[in-house]
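# Structural overview for review
Residue strings, one per chain:
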Amino acid sequence: MDRTLIQEILEVVEQAAIASAELTGLGKKDEADAAAVEAMRKRMGKIQMQGRIVIGEGERDEAPMLYIGEQVGSGTGPGVDFAVDPCEGTNLCANNQRGSMAVLAASDRGGLFNAPDFYMKKLAAPPAAKGKVDIRKSATENIKILCRCLELSANELTIVVMDRTRHKDLIAEIRSTGAKVQPISDGDVQAAIACGFAGTGTHCLMGIGAAPEGVISAAAMRALGGHFQGQLVYDPAIAQTTEWADYTKEGNIARLKEMGITDVDRIYEAEELASGENVVFAGSGITDGLLFHGVKFEKDCTRTSSLVISTLDNSARFTNTVHIKDGAKSITLS
Ligand code: VTB
């Protein structure tokens, strides 16, 4: 991977965001996702690389594009692995709510954990708390550590948790410490990355979301120097999701072992989920969010706001792009 890839990857997420944004608020989540997938794949095809999807839209038989194992790019050049989520937060996009974005993580071959389509317990926190908070500890202990590391009192902390039945006890415990809970309906990638920046008003992400999204969050947090840990969840009684109505704990453990995951209780650090020598995260807003604005359509142009975090040059670039339409006459500064 080299630095020219950063610009290309930015364009990949911009194109996906624009394609989804055309369907924002129309209640069409599958269509918005499909549009983002197609745009992302099309732009990736123009990059000089031997790209490979390691986390994508699903297995080959269930996803026509950006399926796991799909080769992307021109077919010559460096080997690059991708974890993609072309429309992260499809419900948010369909309902025109905050926090939907086009995201991906890229790394050298073998540099991203091939996460199974399972759930993951996650802990994300600012760089100042990296290695100090620990997913093995209780929420109460971690909040005390956060207070010390960030020099804030508990009631000055905002902890994001996905608004799910499985988190009832976790939410009660966080509130008992005096810390503020911010429940979110979807989009824990954005919440995790927001912990990596001071001033977003998000100090920590706790609880269970999806494992593939965990790898994308880990890549961003590794490049930022923030804290991220993940642990796979295989017990349907803990995940409490209707998706797993027909699954058993034993069956899920067997599925993980078939995939080569022998230590099913392993706790993964950001550096293990995104272990490549170089790691790049890119995200572009579909709707407005904590990190950047969503796509804005104007008469003469379309505007996108994005973030690319890269270990190639240790940078986090916030980019506003004006995509000029043919025959444009007047483009305002902002
Ligand atoms: C999770 C979360 C994502 O969808 O995957 C969630 O990580 C689905 O969770 O950010 P449930 O199965 O519990 O509904 C998102 O919120 C959006 O893709």
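These lines cover the structure that appears in this document, whether it is placed above or below. Since we're looking at a predicted model, the values are computed, not measured.

Rules used throughout
Residues numbered from 1 in each chain as written. Predicted model: local features only at pLDDT ≥ 70, side-chain atom pairs only at ≥ 80, totals over all residues. Heavy atoms only, no water. Near = heavy atom within 4 Å. Polar contact = N/O pair within 3.5 Å; in protein donor to acceptor, adjacent residues only side chain to side chain. Areas by Shrake-Rupley, 256 points an atom, 1.4 Å probe, with all protein chains shown as cover. Helix = DSSP H or I, 4+ residues; strand = E, 2+ residues; numbered from the N terminus. Nonpolar A, V, L, I, M, F, W, Y, C, P; charged D, E, K, R; others polar. Phe/Tyr/Trp six-rings, centres within 6.5 Å; stacked < 30°, edge-to-face > 60°. Buried < 20%, exposed > 50% of the residue type's maximum accessible area, 1.4 Å probe, protein only. Axes fitted to C-alpha atoms, helices over the stretch in contact; angles between N-to-C directions. Parallel < 35°, antiparallel > 145°, perpendicular 65-115°, else oblique. Left-handed = near helix turned anticlockwise from the far one by under 90°. Contact = heavy atoms within 4.5 Å. Salt bridge = Lys/Arg side-chain N within 4 Å of Asp/Glu carboxyl O. Pairing = 2+ DSSP bridges.

As a further point, take the site of the ligand. The environment of the ligand is made up of 13 residues, and the closest members are Glu88, Tyr119, Asp186, Gly187 and Asp188. Contact between the ligand and aspartate 186: an oxygen atom at 2.6 Å from a side-chain N or O atom of the residue. Taking glycine 187, its main chain carries an N or O atom lying 2.8 Å from an oxygen atom of the ligand. Calculation on the ligand without its partners gives an accessible area of 420 Å², and the protein chains cover 81% of this total. Counting only elements with at least two residues in the shell around the ligand, the list comes to strand E5 (119–125) and strand E8 (204–210). Residue composition of the shell around the ligand, grouped by class: three nonpolar, three polar and seven charged.

A few words now on the packing of aromatic side chains. Summed over the entire model, instances satisfying the criterion amount to five aromatic pairs. Ring centres of phenylalanine 118 and tryptophan 244 lie 5.4 Å apart, and the angle between their planes is 70°; on these two criteria the pair is classed as edge-to-face. A residue pair is termed long-range when its members are at least 10 positions apart, and phenylalanine 118 in the loop between strand E4 (101–108) and E5 and tryptophan 244 in the loop between helix H8 (236–239) and helix H9 (249–258) qualify at 126 residues. This pair shows no difference in class: phenylalanine 118 is buried, exactly as tryptophan 244 is. Ring plane angle 15° and centroid distance 6.1 Å describe the contact between tryptophan 244 and tyrosine 247, whose orientation is recorded as stacked. The class for tyrosine 247 is partly exposed, based on a relative accessible area of 35%. What links up through ring pairs into an aromatic cluster is the set Phe118, Tyr119, Trp244 and Tyr247.

Moving on, we come to the packing of helix H4 (residues 139–150) against helix H5 (residues 168–176). The interhelical angle for the contact between H4 and H5, taken along N-to-C directions, is 40°, at an axis separation of 9 Å. In terms of their interaxial angle, H4 and H5 are classed as oblique. Seen from above, H4 lies across H5 with right-handed handedness. For the pair H4 and H5, contact is made by Ala139, Thr140 and Ile143 and by Leu170, Glu173 and Ile174, respectively. By residue class, the composition of the contact of H4 with H5 is four nonpolar, one polar and one charged.

The next subject is the pattern of salt bridges. The final tally for this structure, using the stated rule, is 14 salt bridges. Of the charged contacts, one joins aspartate 300 and lysine 299 as a salt bridge, the two residues approaching to 3.6 Å between their closest N and O atoms. The exposure class of aspartate 300 is buried, given its relative accessible area of 8%. Here lysine 299 falls in the exposed class, since its relative accessible area comes to 68%. Members of the salt-bridge network, linked through shared partners, are Glu8, Glu11 and Arg43.

On the basis of which strands lie adjacent, the open sheet formed by six strands has the order E7-E6-E8-E5-E9-E10 and mixed pairing. In this open sheet, the two edge strands, each paired with only one partner strand, are strand E7 (180–184) and strand E10 (267–269). Shown here is a sheet whose adjacent strand axes are inclined to one another by a mean of 20°, direction ignored. Judged from the two bridges that link them, strand E6 (residues 158–162) and E8 form a sheet pairing that is parallel. Residue valine 160 lies in a different strand from E8, and its bridge partner there is leucine 205. Helix H7 (residues 211–224) rests against E5, E8 and strand E9 (227–233) of the sheet, and its axis sits at about 20° to E5.

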